[in-house]
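Single-letter residue listing:
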Amino acid sequence: MPSACEIFPLIAKLTSEGKRVVLVNEGEKRSIFIDDTLVLGYEEHRKYAREALEKGKIEVEGGKIVAEAIEPRPSLIIVGSGVIAKAISKLALATGYLVAVVGNHDINENEFEGVQFISNTLEVLEQIITEDSFVIIANEGGKSYDVDAAFIALKKARYVGFLASQKRAAYTIAQLLKKGISIETLKDKFYSPLGLDINAKTAEEIALSALSEVVKILRGGSGKHMREVKDPYVYLQDALEGKIDEKCAFTPKTLSA
């Protein structure tokens, strides 16, 4: 029987590769399908997966069986239980990401509504982090398990963001070096202090800064102002001469619908 610890990283991997996945939950029985192909779980769930592909999500027998189609999307693992971890999870969910939250016996599940995977056992990180994982460790003020979480994450994750002041970031880097993480790995994958510089003050602004850094790395952005990247003054003369139409052909897709 596939466990939740097996399910989350598999879904994260498949959706990050652009695949449309269907997850079927029936109590402790879980199945994953890619389109009509069973990847993990039970053949008897196929009929529910097919219906979910058409309808998006179905509930059968009063919610005893739930099947949901999950569109291709990035995933984020948040380690922490405080107000900033909650703000990051809300923003990531609103952005349409798959979200996991992990703590060390300090997570109140009711405070992380909508999160796809929650665990109060830090060791779970060993099972759910993959080479494609984006991990944010966000405990304002710091908790005793933060360095251990960073050490686990840095073994495999693509990105590890760590909420800290400049001095605490230096302390954490020193501890990770002592634990055997190379300076090259830290400079390549460890981002602390966390986020882009937008002079964030509130928990929500800090969450925006943190997630902006994730998007920048995920999508390969520059982090510059868009008017610098796409300077409109280059085309100003054409616009003044009526050579440019006011309409724009860009239509964004959404993961949060």
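One can find the structure itself at the top, above this paragraph.
Residues numbered from 1 in each chain as written. Predicted model: local features only at pLDDT ≥ 70, side-chain atom pairs only at ≥ 80, totals over all residues. Heavy atoms only, no water.

**Q** Account for the sheet that holds strand β7 (residues 98-102), naming residues and giving values.
**A** Overall, parallel pairing links the six strands, which are arranged β8-β7-β6-β9-β10-β11 in an open sheet. With partners counted over all chains shown, the strands left at the sheet margins are β8 (117-119) and β11 (190-191), one partner each. Alignment of strand β10 (residues 159-162) against β11, held across two bridges, turns out to be parallel. Opposite Gly161, over in β11, you have Tyr191 as the bridge partner. (Pairing = 2+ DSSP bridges. Helix = DSSP H or I, 4+ residues; strand = E, 2+ residues; numbered from the N terminus.)

**Q** I'd like to hear about the packing of helix α3 (residues 83-94) against helix α8 (residues 203-219), residue by residue, with values.
**A** Across the interface, α3 lies against α8 with an axial gap of 8 Å and an inter-helix angle of 55 degrees. If you check the angle between α3 and α8, you find them oblique. The two elements α3 and α8 cross, and the hand of that crossing is right-handed. Two secondary-structure elements touch here, α3 through Val83, Ile84, Ala87, Ile88, Leu91 and Ala92 and α8 through Ala203, Glu204, Ile206, Ala207, Leu208, Ala210 and Leu211. For the contact of α3 with α8, the class distribution of residues is 12 nonpolar, no polar and one charged. (Axes fitted to C-alpha atoms, helices over the stretch in contact; angles between N-to-C directions. Parallel < 35°, antiparallel > 145°, perpendicular 65-115°, else oblique. Left-handed = near helix turned anticlockwise from the far one by under 90°. Contact = heavy atoms within 4.5 Å. Nonpolar A, V, L, I, M, F, W, Y, C, P; charged D, E, K, R; others polar.)

**Q** Describe α3, listing the residues and the values that go with them.
**A** Taking 1.5 Å per residue as the helical rise, α3 with its 12 residues ought to reach 16 Å, and the 17 Å between its terminal C-alpha atoms agrees with that figure. Listed as buried for α3 are Ile84, Ala85, Ala87, Ile88, Ser89 and Ala92. Two residues or fewer after α3 comes Gly96, characterised by a positive phi angle close to 95 degrees. (Expected span 1.5 Å × (residues − 1). Buried < 20%, exposed > 50% of the residue type's maximum accessible area, 1.4 Å probe, protein only.)

**Q** Can you break down the packing of aromatic side chains residue by residue, with the values?
**A** Considering all chains together, one arrives at four aromatic pairs under this definition. Relative to Phe117, the ring of Phe8 has its centre 5.9 Å away and its plane inclined at 35 degrees; by these criteria the two rings are tilted. With a gap of 109 residues between them, Phe8 in helix α1 (residues 4-16) and Phe117 in strand β8 connect regions that are remote in the sequence. Ring geometry for Phe162 versus Phe190: centroids 5.6 Å apart, planes at 45 degrees, classification tilted. One end of the pair, Phe162, is in strand β10; the other, Phe190, is in strand β11, with 28 residues separating them in the sequence. By the burial criterion, Phe162 is buried, and Phe190 matches it. An aromatic cluster is present here, built from Phe134, Tyr159 and Tyr191 joined pairwise through their rings. When the ring centre of Tyr42 is taken as reference, the NZ or CZ atom of Lys29 above it lies at 4.8 Å. Sitting over the face of the ring of Phe151, Lys179 holds its NZ or CZ atom 5.3 Å from the ring centroid. (Phe/Tyr/Trp six-rings, centres within 6.5 Å; stacked < 30°, edge-to-face > 60°. Lys NZ or Arg CZ within 6 Å of the ring centre and 35° of its normal.)

**Q** Describe a nonpolar patch on the surface, naming the residues involved and giving the relevant values.
**A** A cluster of nonpolar residues, Tyr233, Leu236 and Leu240, forms a patch on the protein surface that exposes about 360 Å² of accessible area. Following the sequence through the fold, Leu240 ends up in helix α10 (residues 236-240). (Patch = residues over 30% accessible without salt bridge, like charges linked within 9 Å, V, L, I, M, F, W, Y side chains within 5 Å. Areas by Shrake-Rupley, 256 points an atom, 1.4 Å probe, with all protein chains shown as cover. Salt bridge = Lys/Arg side-chain N within 4 Å of Asp/Glu carboxyl O.)

**Q** Quick rundown of α1? Include the residues and the values.
**A** Its 13 residues place the ends of α1 18 Å apart at the C-alpha level, agreeing with the 18 Å of an ideal helix rising 1.5 Å per residue. Regarding α1, the residues found buried are Cys5, Ile7, Phe8, Pro9, Ile11, Ala12, Leu14 and Thr15. Positive phi shows up at Gly18, right after α1, with a value of about 90 degrees.

**Q** Tell me about the pattern of salt bridges, and please be specific about residues and values.
**A** Counted according to the given criterion, the structure contains 15 salt bridges. Two residues, Glu17 and Lys13, come together in a salt bridge whose shortest N-O distance is 2.6 Å. In this structure Lys13 comes out as partly exposed when scored by relative accessible area, which is 38%. Ionic pairing is found between Lys29 and Glu44, a salt bridge with its closest N-O pair at 2.6 Å. Linking Lys29 in strand β2 (residues 29-34) with Glu44 in the loop between β3 (37-40) and α2 (46-55), this pair joins segments that are 15 residues apart in sequence. For Glu44, a relative accessible area of 45% gives the class partly exposed. Taken together, the shared-partner salt bridges in this structure form one network comprising Asp36, Glu43, Arg46 and Arg50.

Keep in mind these numbers describe shape, not what the thing actually does.
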